Amino acid sequence: MIGVFTRTFCALLSVVFTANAWAEGAKVFLHNAGVDPDARARVRFAEGEKGEAFSVKVEALEVGKYAVLVGGEQVGELVTGKGGEGQLILGGTLTFDPWGSLVEIAGVGTGEIYFYGALPPAGEAPPFKIELLERFSNTGEVAKAAGEASLRSFRGKVRFRVKVRGLPPGIYNLVIAGEDVGEIHLRGEKKKGKGRVKFDSRFARGSVELLDFDPLCARIEVAQTIDASTRVFLLLEEFGSSAGLCPSGTTTTTSTSSTTTSTDTSTTTTTTIGGRGLM
């Protein structure tokens, strides 16, 4: 089942810094585990001559008491009030090392995980912002059908979107690695057969759904099932392969500019990575 946004994927994409921020510390938005979908959390860590500072802040989280765990060990608690806000601040000389550790927020007494995210190992070169865009292949079911899938990752914010156009009005399924993860609604002629679905790793609010699956290196389909018959209109065989993110994918050549286009006309990869290779 891919209903869980894997912690490996979280570690790969969610921890992104600039060179200056790396020298001073880090700020990472944690991934929402789905218990309270509209809540969000972030962690900060900095170290300098005056000592270390570690803080965790939550917003719009249901009233209660929560444990903060680093590397599986509880380092403190935070309490949320009526506004859903709460914060843990630790300073001086810490008794734990946040670098390279998994940070989790869990319910006190239940142990249920509400948020999680990873800080990078100390001293390693920082990862960079990732912006990935790939265009679907048309399967031939509807000649004018087209679309693209995009993923953006920066400081723990991982956003995934799928846009389609040229399809008849109706409800279409977004299928990733064989599982239905969302719906795309196309209504009327005014929209000209356009529709989209949006996901965010931090929260689900309004039209934005919670990203609780891993789209990287997965087969992505835009399909429709009527009377037990399924038709696939748009297809991406392996999302992320154009950027060399998948073991079986082919790595594109990245120039010093911020945009790289694959030789396959159905795929475009854009990486904002300060002139360096994606991996």
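That block above? That's the structure.
To keep things clear, this report deals only with the structure shown in the data block.

How each quantity is defined
- All residue numbers refer to positions counted from 1 along the written sequence of the respective chain.
- Two thresholds apply to this predicted model, a pLDDT of at least 70 for residue-level local features and 80 or more for giving and counting side-chain atom pairs, whereas whole-chain, interface and lining totals are computed over all residues.
- As a rule here, side-chain values come from all non-hydrogen atoms in the structure, and water together with hydrogens is ignored.
- Helix and strand definitions here come from DSSP, where helices need a minimum of 4 consecutive H or I residues and strands a minimum of 2 consecutive E residues; each element is numbered from the N-terminal end.
- Contact definition: two residues touch when any of their heavy atoms are within 4.5 Å.
- For our purposes a nonpolar core is just a set of buried Ala, Val, Leu, Ile, Met, Phe, Trp, Tyr and Cys residues, chained together by side-chain atoms within 4.5 Å.
- Accessible area is worked out with a 1.4 Å probe on protein chains only. A residue is then buried under 20% of its type maximum, exposed over 50%, and partly exposed in between.
- Sulfur atoms of two cysteines make up a disulfide when they are within 2.5 Å.
- Ring pairs shown here join Phe, Tyr and Trp side chains whose ring centres sit within 6.5 Å, with only the six-membered ring taken for Trp; geometry is labelled stacked below 30 degrees between planes, edge-to-face above 60, and tilted in between.
- Residues with no salt bridge and a relative accessible area higher than 30% make up the patches, which join like charges within 9 Å and nonpolar side chains (Val, Leu, Ile, Met, Phe, Trp, Tyr) within 5 Å.
- To be clear on the numbers: accessible area is Shrake-Rupley with a 1.4 Å probe, and residue cover counts the displayed protein chains and nothing else.
- Just to be clear on terms, a salt bridge is a Lys or Arg side-chain nitrogen sitting within 4 Å of an Asp or Glu carboxyl oxygen.
- Charged residues are defined narrowly, with Lys and Arg counted positive, Asp and Glu counted negative, and His plus the chain ends left uncounted.
- Taken as the charge location is NZ of Lys, CZ of Arg, CG of Asp or CD of Glu.
- A pair of strands is considered paired only if DSSP assigns at least 2 bridges between the two.
- Here the axes come from fitting lines to C-alpha atoms, over the contacting stretch only for helices, and the angles between their N-to-C directions go from 0 to 180 degrees.

### Some thoughts on the overall build of the chain
- Tallying secondary structure elements over the chain gives two helices and 21 strands in all.
- When contacts within the chain are restricted to residue pairs at least 6 apart in sequence, those whose partners lie at least 24 apart make up 54%.

### Brief notes about the nonpolar core
- F160, V162, L167, L174, V222 and F239 are the most contacted members of the largest nonpolar core, which has 31 residues in total.
- If you tally residues by element for this core, the top one is strand β13 (residues 157-165), at four residues.
- Beyond its immediate chain neighbours, meaning those up to four positions away, L167 contacts V142, A145, Y172, L186, G193, V222 and F233.

### Re the state of the cysteines
- Taken as a whole and assessed by the stated rule, the structure comprises one disulfide.
- Paired by a disulfide, C217 and C246 hold their sulfur atoms 2.3 Å apart. Classification of the bridge connecting C217 and C246 rests on its S-S torsion, roughly -100°, and on that basis the disulfide is left-handed. With C217 in the loop between β17 (208-210) and β18 (220-226) and C246 in the loop between β19 (229-236) and β20 (259-261), this residue pair connects regions lying 29 residues apart in the sequence.
- Here C217 falls in the partly exposed class, since its relative accessible area comes to 30%.

### Quick notes on the environment of R202
- Along the polypeptide, R202 turns up in the loop between β16 (195-200) and β17.
- A relative accessible area of 10% places R202 in the buried class.
- Separated by 171 residues in the primary sequence, R202 and H31 have C-alpha atoms spaced 5.0 Å apart.
- Excluding residues that lie within four positions of it along the chain, R202 makes contacts with F29, L30, N32, A39, R40, G156, K157, R159 and L210.

### A look at the packing of aromatic side chains
- All told, the structure shown has eight aromatic pairs when counted by the stated rule.
- When the ring of Y66 is compared with that of Y114, the centres are 5.1 Å apart and the planes differ by 80°; the resulting orientation is edge-to-face. Remark: Y114 occurs in strand β9 (residues 113-118) and Y66 occurs in strand β5 (residues 64-70); sequence separation between them is 48 residues. Take Y66 and Y114: they sit in the same class, and that class is buried.
- Among the aromatic residues, those joined into a cluster by ring pairs are F160, F199, F213 and F239.

### Concerning a negative patch on the surface
- Where like charges cluster on the molecular surface, the negative patch consists of D180, E183, E209 and D212.
- By the element assignment, D212 lies in the loop between β17 and β18.

### Brief notes about the sheet that holds strand β4 (residues 51-59)
- Across the sheet, four strands lie side by side as β1-β3-β4-β7; this open sheet has antiparallel pairing. Because the sheet does not close on itself, it has two edges, and the strands there are β1 (25-29) and β7 (86-92). Sheet twist, expressed as the mean angle between neighbouring strand axes with direction ignored, is 5°.
- When β4 meets β7, the two strands line up antiparallel, connected through seven bridges. Within the sheet, the bridge partner assigned to K57 lies in β7 and is Q87.

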